[in-house]
Amino acid sequence: MSDAELVLRSTRVITPEGTRAASVAVADGTITAVLPYDAPVPETARLEDLGDHVLLPGLVDTHVHVNDPGRTEWEGFWTATRAAAAGGITTLVDMPLNSLPPTTTVAHLRTKQQVAADKAHIDVGFWGGALPDNVKDLRPLHEAGVFGFKAFLSPSGVDEFPHLERDPLARAMAEIAAFDGLLIVHAEDPHRLASAPQQPGPKYADFLASRPRDAEDTAIARLIHEAKALHARVHVLHLSSSDALPMIAEARAEGVRITVETCPHYLTLTAEEVPDGASEFKCCPPIREAANQDLLWQALADGTIDCVVTDHSPSTADLKTDDFATAWGGISGLQLSLAAVWTEARRRGHGLEDVVRWMSTRTSGLVGLDDRKGAIAAGRDADFAVLAPDETFTVDPAALQHRNHVTAYAGRTLYGVVKSTWLRGQRIVADGEFTEPKGRLLTRTD
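Values in this document were obtained by computation on a predicted structure and should not be read as measured data.

1. Some details on the packing of aromatic side chains
Piece 1. In total, this model carries eight aromatic pairs according to the counting rule given.
Piece 2. Judged by centre distance (5.8 Å) and plane angle (20 degrees), the ring pair of Phe207 and Phe324 falls under stacked. Of this pair, Phe207 sits in helix 6 (residues 204–210) while Phe324 sits in the loop between strand 14 (307–308) and helix 11 (337–347), and the two are 117 residues apart along the sequence.
Piece 3. Among the aromatic residues, those joined into a cluster by ring pairs are Tyr204, Phe207 and Phe324.
Piece 4. Between the NZ or CZ atom of Arg9 and the centre of the ring of Tyr37, over which it lies, the distance is 5.4 Å.
Piece 5. Taking the ring centre of Phe434 as reference, the NZ or CZ of Arg82 above it sits at 4.0 Å.

2. Remarks on the packing of helix 11 against helix 12 (residues 352–366)
In a pair of packed helices, the angle between the axes and the distance between the axes together describe the arrangement.
Piece 1. At a minimum axis distance of 10 Å, the contact between helix 11 and helix 12 shows a crossing angle of 135 degrees. Here helix 12 runs oblique to helix 11, going by the angle between their axes. Crossing hand, helix 11 versus helix 12: right-handed. Residues Ser337, Leu338, Val341, Trp342 and Ala345 of helix 11 touch helix 12, and the partners they reach there are Leu352, Val355, Trp358 and Met359.
Piece 2. Of the residues contributing to the contact of helix 11 with helix 12, the split by class is eight nonpolar, one polar and no charged.

3. Some remarks on the pattern of salt bridges
Piece 1. Applying the stated rule across the entire model yields 28 salt bridges.
Piece 2. Close ionic contact of Glu254 with Lys228 constitutes a salt bridge, the shortest N to O distance being 3.1 Å. Placement of Glu254 in the loop between helix 8 (245–253) and strand 13 (257–262) and of Lys228 in helix 7 (residues 213–230) is noted, with a sequence separation of 26 residues between them.
Piece 3. Residue Lys373 pairs with Asp381 through a salt bridge whose shortest N-O separation is 2.8 Å.
Piece 4. Take Lys373: its relative accessible area is 2%, and that puts it in the buried class.
Piece 5. Taken together, the salt bridges that share partners define one network made up of Asp123, Lys373, Asp381, Asp383 and Arg424.

4. Considerations on the sheet that holds strand 7 (residues 89–94)
Piece 1. Taken in spatial order, the three strands line up as 6-7-8 in an open sheet, and their pairing is parallel. Lying at the two open borders of the sheet, with one neighbouring strand each, are strand 6 (59–64) and strand 8 (123–126). Strand-to-strand twist across the sheet, computed as the mean angle between neighbouring axes with direction ignored, equals 20 degrees.
Piece 2. Of the pairings in the sheet, the one linking strand 6 to strand 7 comprises four bridges and is parallel in character. Note on strand 7: the bridge partner recorded for Val64 is Asp94.

5. Some details on unusual backbone geometry
Piece 1. Cis geometry is found at the peptide bond from Leu100 to Pro101, where omega equals 10 degrees.
Piece 2. Mapped onto the elements of the fold, Pro101 is located in the loop between strand 7 and helix 2 (106–116).
Piece 3. Put simply, Cys284 and Pro285 share a cis peptide bond, and its omega is -5 degrees.
Piece 4. Locating Pro285 in the fold gives a position in the loop between helix 9 (264–268) and helix 10 (290–302).
Piece 5. Notably, Asp28 is not glycine yet its phi reads approximately 55 degrees, a positive angle.
Piece 6. You can see Asp28 is positioned in the loop between strand 2 (18–27) and strand 3 (30–36).
Piece 7. One non-glycine residue, His238, lies in the positive phi region at around 30 degrees.
Piece 8. With relative accessibility at 2%, the residue His238 sits in the buried group.

6. A look at helix 8
Piece 1. Restricting attention to buried positions, one finds in helix 8 the residues Leu245, Ile248 and Ala251. Along the axis of helix 8, the buried positions cluster into a sector of 125 degrees, meaning they face one direction only. Exposed residues lying more than 90 degrees from the buried face of helix 8 are Pro246 and Ala253.
Piece 2. Against the buried residues of helix 8 lie helix 7, strand 13 and helix 10.

7. Points about the nonpolar core
Piece 1. Among the nonpolar cores identified, the biggest contains 100 residues, and Phe149, Leu183 and Leu239 are the most heavily contacted of them.
Piece 2. Setting aside chain neighbours within four positions, we find Leu183 in contact with Ala130, Phe149, Ala151, Leu169, Met173, Ile176, Arg233, Val234 and His235.
Piece 3. By size, the runner-up hydrophobic cluster in this structure holds 18 residues, among which are Val93, Trp127, Phe147 and Trp328.

8. Let's talk about the pairing of strand 11 (residues 182–186)
Piece 1. Where burial is concerned, most of strand 11 is hidden: five out of the five residues are buried.
Piece 2. Alternating residues of strand 11 divide into Leu182, Ile184 and His186 and Leu183 and Val185, and every residue in both groups is buried.
Piece 3. For the crossover that starts at strand 10 (residues 149–152), traverses helix 4 (residues 166–178) and ends in the parallel strand 11, the hand is right-handed.
Piece 4. The sheet contact formed by strand 11 and strand 12 (residues 233–236) spans four bridges and is parallel. Counted as the bridge partner of Leu183 is Val234 from strand 12.

9. Digging into helix 3 (residues 135–144)
Piece 1. Along helix 3, the positions that sit buried rather than exposed are Asp137, Leu138, Leu141, His142 and Ala144. In a view along the axis of helix 3, the buried residues occupy a sector of 155 degrees, so they form one face of it. Exposed residues pointing more than 90 degrees away from the buried face of helix 3 are listed as Lys136 and Glu143.
Piece 2. Against helix 2, strand 9 (128–129), strand 10 and helix 4 lie the buried residues of helix 3.
Piece 3. Of the residues one or two after helix 3, Gly145 is the one with positive phi, at around 110 degrees.

10. Points about the pairing of strand 10
Piece 1. Going residue by residue along strand 10, you find Phe149 and Ala151 tucked away on one face and Lys150 and Phe152 tucked away on the opposite face as well.
Piece 2. Where strand 9 and strand 10 come together, two bridges link them in parallel fashion. Counterpart to Gly128 in the pairing with strand 10 is Phe149.
Piece 3. With helix 3 bridging strand 9 and the parallel strand 10, this β-α-β connection has right-handed handedness.

Thresholds, definitions, all that
- Residues numbered from 1 in each chain as written.
- Predicted model: local features only at pLDDT ≥ 70, side-chain atom pairs only at ≥ 80, totals over all residues.
- Heavy atoms only, no water.
- Phe/Tyr/Trp six-rings, centres within 6.5 Å; stacked < 30°, edge-to-face > 60°.
- Helix = DSSP H or I, 4+ residues; strand = E, 2+ residues; numbered from the N terminus.
- Lys NZ or Arg CZ within 6 Å of the ring centre and 35° of its normal.
- Axes fitted to C-alpha atoms, helices over the stretch in contact; angles between N-to-C directions.
- Parallel < 35°, antiparallel > 145°, perpendicular 65-115°, else oblique.
- Left-handed = near helix turned anticlockwise from the far one by under 90°.
- Contact = heavy atoms within 4.5 Å.
- Nonpolar A, V, L, I, M, F, W, Y, C, P; charged D, E, K, R; others polar.
- Salt bridge = Lys/Arg side-chain N within 4 Å of Asp/Glu carboxyl O.
- Buried < 20%, exposed > 50% of the residue type's maximum accessible area, 1.4 Å probe, protein only.
- Pairing = 2+ DSSP bridges.
- Arc of directions from axis to C-beta.
- Core = buried A, V, L, I, M, F, W, Y, C linked by side-chain atoms within 4.5 Å.
- Right-handed = clockwise from strand over helix to strand, strands pointing away.

Right, dumping it as structure tokens:
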């Protein structure tokens, strides 16, 4: 520890080997050692004694719609990264759509990076987009450092990001597989959606019927078929249908390179509790029934579902009308994801080590950052969240850092108060006070 500039000490440090009392030494923004709790601290190092608060690796959220530039009134890099930092997230990967322009060419990526550069309170990476007409742009985007490519199998909700039908999907997947890239997919079948009953209005039951489970199941089956044929790497975004779990497990057993995420809202909210007209709960695919939720938790426990990410997809309040058919579909939960998942996880008998695995270790692995992020271990970035896991708070939308204070979690009492967040050994937020932006822009090639 002789070269340490900073030592964080806690009776509960979550490490890859388990939770233990430890002192974590930091120099030049990197963890240099994880030592016994009572290890002597060099005179040149600053000691931060965290007491019994839990020191965990900063979360890595690989599914965030920042919407900047172009729809910055919905969200922006300044507000999104502040909200993330307040919630213990130290790295996010931005989705390629809902911004204008979408991240579908290298020039568009450069625009996005330029906008984000001086506004990022945490580290930020970028996904590229796969469209019917941009196969030629996929390899250049890969070489420019995007972490993979987002595609929709059904309409995305914005005209500038069209979905892939069967042949364009195969062409995009073949090109991405040629350089062993990662294709991440919004998997709902447009034909199953079109044949589902469409009843506009405020009733959540009508909206739920319009996005049936078999739309997800059919799309995932198609994705598995193509991935198996091309030996491609694919990732299922925001899984809500538990019916798809057996085919996913079977595909893995057969060697298909498929990973799966779900989201806090599918794990903590249920269709039975959504009030009519409350479109802050609207997302696609939708929040489903409690019995479905139980099966998602079982799949997390057994590893069929790899990780948990927010799919933070905000909008202005006026787009959240009381008509579920026309309201914008997206849940704002970036600042609340750790507390929401931890609240339900502890109720179901899971520990914080599980939450860290789902929301930091496996997410960093998904995007190839597991040599730098996702664990408290020597050689990793000194990114931390300090959590009081037994303290509670009641969600006040006005207190959130999100640009628009609309959230499905309003009024809920959650466990887990983030006391401070650290990025490369620097405290970036504590007790609601933020530093100036210190985040870096990440690329796959760094």
